[in-house]
Amino acid sequence: MQERPVFIDFSEGVDRKLLKAIAARFITLNRVRLDRARSALAWRQQIVLDLLPLVFHLNHPALPGYYAGECAHGLDRYEPSERTLQAAQQVARSFRPGGRKLVPELAGLFLIGSPGSLGHSVASDLDVWVCHHPELPPHRLEALRQKALRVTEWAAQFGLELNLFVFSAEDFRQGRETAQVSSEDCGSAQHYLLLDEFYRTAIHLGGRYPLWWLIPVQEEGRYGELTRFLLENRFVRSDEYLDFGEIPSVPVAEFLGAGIWQLYKGIESPWKSLLKLLLIECYARDRDHGLLSARFKKAVYEGRASVDEMDPYVMLYRRLEQWLLAMEAPGRLDLVRRALYLKSGLPLTRAAEVSGRWQGKILHQLVTEWGWDRSTLVDLDSRHQWRVERVMVLRRRVVSELTHSYRLLSRMARSGNVRATISAMDLNLLGRKLYAAFQRKAGKVEMVNPGIAPTLMEENLAFWHGGSRRSVTDEWRLFRNLDSLADKGAQAAIRRAGSLVELVVWCHCNGLLAPATRLSLRQDVAEGDNGGNRLTVSDLRSMAGFIGTHLGALAPADRDALMVPAQPLVHLLLVNVGVDPQASLTERGLHKLSGRHDSLGFSGGRDNLVATIEQVSLNSWHEVSLQRYVTGDALVQCLKNMLALVARDPARPPRVEVWCAGGSHAAAITRRIRELVDDVIRQFFAGGFGPHPLRYLLKVDQRWFVLRFDGHEPGFIGLATDQALMDYLARPQEVYSPVVPDRYALQEDPAFREVCRACQPDLIQMFWQQAGDWTRFWVSDETGSLYGWRQRRAGSRRQALLPLMRFLENLGERRRLRQMAGGSRQEAELLCTEVRLEDGECRLERTPLAPDSLSVGGLELHAVGVQQGDGSLGFDLFCDEEAFTVEGYGDRQMRAVVDYIRQRRRSAEPYPVYITDLHLPHDLDPRAWQQELQTCQYVWYRHQLQQLLDEAAAQT
């Protein structure tokens, strides 16, 4: 309805009648908007809106949200309406309004945003500002906030998402907002833009009115001066109006923060955020046409404030339309129109749902202006039936628009050398959510439906695989229906991938796959394929159920999760999908039998039954990623990568679940891998700390693997033979690092397993075992380096043990002498232990040897290391006073030593020649110059020389 313009001239004084007249126009428009907001709610939900002012005004025990503490209450100038009192009686029949006059502590209640506008839909929430007096004591303010939480919970019982923001207008005006970025709060991201939205969308529920109403648009440059003038000269009462402040030109710095915030919101509700983000860009690039709040107020003053034309979303659209037409951007304008239509949630093609609704009338007028035909409306109104292909196309447009706007705003901020008015914490938080939602990276599963369609669930899904049966990297395709293999050429695939697991995970994450979805599996049969590696529909259903159970419904991560770096939550290990680990044997009809049931060394041929692993990971930012291990040491590579992730936060290791494709060994494989993962993590991160220094020993088929950490970086080494393993375990360690065998490793060598268990730090331990005609020896030193060998029995037990004991004692004596001269290491005790094997069980028994037994007379054979010119290490040997140098004897050195010793023996028995002492040069390892060499380094070199002496003795 057209009214006469109102003109307020402050230079000639102020007419109170004009002030009341302009306020009356805002109040009339407010009343219509409130009725429209109320009509958009269900009958039960309307009670919430009706009661809100009374609930905060009274803090009555019979009313919702009552807080027993000293809770602030009393709303300025508020008198409940008859409708409000009736709503209170419906909620609490015992309620009776008291007659006691209250001292108001609350200044105003405002509903802001989309309610009462074209943009409000059944899925929209209600945002309410609860404004208190600035002098409110902290304990009463805290009680008020607790009450707000209770009111929010009460509204949720009616299916209404109510967001209450408690603050004072004084704090807002001074920029002292303390809110944090959450699902409904822009935190530090914007101030003036939020105030612009408030002034053009706010619906007054109770308390004071905005003082901004009374300052004409052309006078806003004098806003502070004029508001003081009105209040100080009592043209308006201080308890009648509330001052949130003016809106000067929005700083460039705020556009970036607000833009990032809208991107944050756009991840879950793209249509509303896209409109607001484009408005921010429009404000930033087209400053001459001002803000929408100014247009809104100007229209009210000029008397042309049609409630439909002043609808917040209609005004927003008109502003964007004007700008985009001037920019000659028809594609972006079309996207804006679609976003507005979808945001409204009104299906114009279904007359029964729109008939009689004011939103339908406005939207129909707009659609007519746009020239849309019925097919366009049918397409948009069938959004709940959109298939994934349609959503992916629209998603690309939406994401492209969102990222375009963000980059433009970022460049604008950089070009002006301006920092965004968003705190570093909030900026980091929003960036992380954007990264989790839109960032592409290797292995990450892409989410294709960021709020575009209600659901993408399919009734039928068909998975097709073609190619060589031996290949695990052949193409898999996803179809909607595939009755026969011939149909695959007649329709386009929904998606292609390198593995079935990848397709199933993608379907689950994007909602195509539900428990009710019918699944089918089609596989081309390659020449010579006997079906041994082909999956069944039962396997497919089992795998899909496993993935769905452990990944669950994926929603965007919450604030607390995004505040810290992403941490893995769960790893799903899918084993042998589409692969027969014993294909070559199956093909020939062979089956190996033995008593060995370890899935990593199965049967007599020690077959590794874990051929491939596909690891699906979910982290705390709710990103899902896929990593495939299909060649080489798949299992060990997988273990290494999981250990690296656990090392980031040992106190909270991720959950690991295992699924194996069907087959006779599936259950055993599943159990074995789960046990292995649990054992490895428990050993390296016992007590929730770590990684602990140790060497985890694992055998897969015929190979040994040693897992260990270098700092916080895990690694492994593969060793083909038992001797290679012993050589590796003898290497020096910087800190004590015990050897921890896997539960199945060394099952055929319980003596060695017991030795590993018995090793202790800061001890020199010599273990020995009688095994038929052989004696086995192991030496573990002060840092856990371990070396073992065997030698033929010769003479008595004392004659077998004495040379090695004497050798170790000589090393210890020399070390003690160096420590007296200022050496760094403490003296390590020497222990000798026998390993006894009885009835399959091992036990250890200390071997007592009197100290004087080590110094019993006999030939002393010393070896002294000499660095050769070619960089190799040679040894000069000394027996009594006779020297056998490398330079002097060359290749004849060992035979000369053996001959000399035999000539000096009293007995002619051919027992071995033993080295009793050995010296190594300090520059043996350039990285450890002048450091104390470890015992096992000496033992290893002694054994190498001992082997040469034994060979020479055997030739004479």
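Up top is the structure.
Calculation criteria
- Residues numbered from 1 in each chain as written.
- Predicted model: local features only at pLDDT ≥ 70, side-chain atom pairs only at ≥ 80, totals over all residues.
- Heavy atoms only, no water.
- Helix = DSSP H or I, 4+ residues; strand = E, 2+ residues; numbered from the N terminus.
- Expected span 1.5 Å × (residues − 1).
- Buried < 20%, exposed > 50% of the residue type's maximum accessible area, 1.4 Å probe, protein only.
- Arc of directions from axis to C-beta.
- Pairing = 2+ DSSP bridges.
- Axes fitted to C-alpha atoms, helices over the stretch in contact; angles between N-to-C directions.
- 1 Å grid on protein atoms, 1.4 Å probe; cavity = no way out; pocket = protein on both sides within 12 Å on 5 of 7 lines; lining within 4 Å.
- Points joined across faces, edges and corners; volume = space filled by probe spheres on them.
- Core = buried A, V, L, I, M, F, W, Y, C linked by side-chain atoms within 4.5 Å.
- Contact = heavy atoms within 4.5 Å.
- Salt bridge = Lys/Arg side-chain N within 4 Å of Asp/Glu carboxyl O.
- Parallel < 35°, antiparallel > 145°, perpendicular 65-115°, else oblique.
- Left-handed = near helix turned anticlockwise from the far one by under 90°.
- Nonpolar A, V, L, I, M, F, W, Y, C, P; charged D, E, K, R; others polar.

**Notes on helix α19 (residues 537-551)**
- End to end, α19 covers 21 Å across 15 residues, agreeing with the expected 21 Å (1.5 Å per residue, within 8%).
- Regarding α19, the residues found buried are Asp539, Leu540, Met543, Ala544, Phe546, Ile547, His550 and Leu551. In a view along the axis of α19, the buried residues occupy a sector of 160°, so they form one face of it. Pointing more than 90 degrees away from the buried face of α19 are the exposed residues Ser538 and Thr549.
- Phi turns positive one or two residues past the end of α19, at Gly552, with a value near 70°.

**Considerations on the sheet that holds strand β18 (residues 739-741)**
- Reading across from one edge, β17-β16-β15-β18 is the order of the four strands in this open sheet, with mixed pairing throughout. Each of the sheet's edge strands pairs with one partner strand only, and the pair in question is β17 (713-719) and β18. Taking each pair of neighbouring strands and ignoring which way they run, the sheet shows an average axis angle of 30°.
- Relative to β18, strand β15 (residues 695-700) is paired through three bridges, and the arrangement is parallel. When the sheet's bridge partners are listed, Arg695 is paired in β18 with Val739.

**Regarding empty space enclosed by the protein**
- Applying the stated rule across the entire model yields four cavities of 30 Å³ or more.
- As a volume, the second largest cavity reaches approximately 120 Å³.
- Around the second largest cavity, the lining is made up of 13 residues, and of these Asn30, Tyr199, Ala202, Trp213 and Phe296 lie nearest the centre.
- For the lining of the second largest cavity, the secondary-structure elements that each account for two or more residues are α1 (16-39) and α6 (192-201).
- Sorting elements by how many residues they give to the lining of the second largest cavity places α1 first, with four residues.

**Brief notes about unusual backbone geometry**
- Of the consecutive residues Gly690 and Pro691, the connecting peptide bond is found in the cis state with omega at 5°.
- If you trace the backbone, Pro691 turns up in the loop between α23 (666-684) and β15.
- In this structure, Arg77 takes a positive phi of about 55° despite not being glycine.
- With a relative accessible area of 47%, Arg77 lands in the partly exposed category.

**Quick word on the nonpolar core**
- Judged by nonpolar contacts, the single largest core of 146 residues is most densely connected at Trp129, Leu214, Phe244, Phe463, Trp506, Met543 and Leu574.
- Ranked by the residues each element gives to this core, the list is headed by helix α9 (residues 270-285), at ten residues.
- Residues within four places of Met543 in sequence aside, it is in contact with Leu500, Val501, Val504, Leu574, Val577 and Trp659.
- Counting 64 residues, the second-largest nonpolar core is a separate cluster that includes Tyr736, Trp768, Leu786 and Leu949.

**Some details on the pattern of salt bridges**
- Taken as a whole, this structure holds 55 salt bridges when the rule is applied.
- Close ionic contact of Asp633 with Arg703 constitutes a salt bridge, the shortest N to O distance being 3.0 Å. Taken together, the positions of Asp633 in the loop between β13 (624-629) and α22 (634-646) and Arg703 in strand β16 (residues 703-710) put the pair 70 residues apart, joining distant regions of the chain.
- What makes Asp633 partly exposed here is its relative accessible area of 25%.
- By relative accessible area, Arg703 is classed as partly exposed at 31%.

**Let's talk about the packing of helix α2 (residues 43-58) against helix α4 (residues 138-156)**
- As a packed pair, α2 and α4 sit with axes 12 Å apart at the nearest point and diverge in direction by 160°. In terms of their interaxial angle, α2 and α4 are classed as roughly antiparallel. Every pair of crossing elements has a handedness; the one defined by α2 and α4 is right-handed. Here α2 contributes Ile47, Val48, Leu51, Leu52, Val55 and Phe56 to the contact with α4, which in turn contributes Leu144, Lys147, Ala148, Val151, Trp154 and Ala155.
- Broken down by class, the residue content of the contact of α2 with α4 amounts to eleven nonpolar, no polar and one charged.

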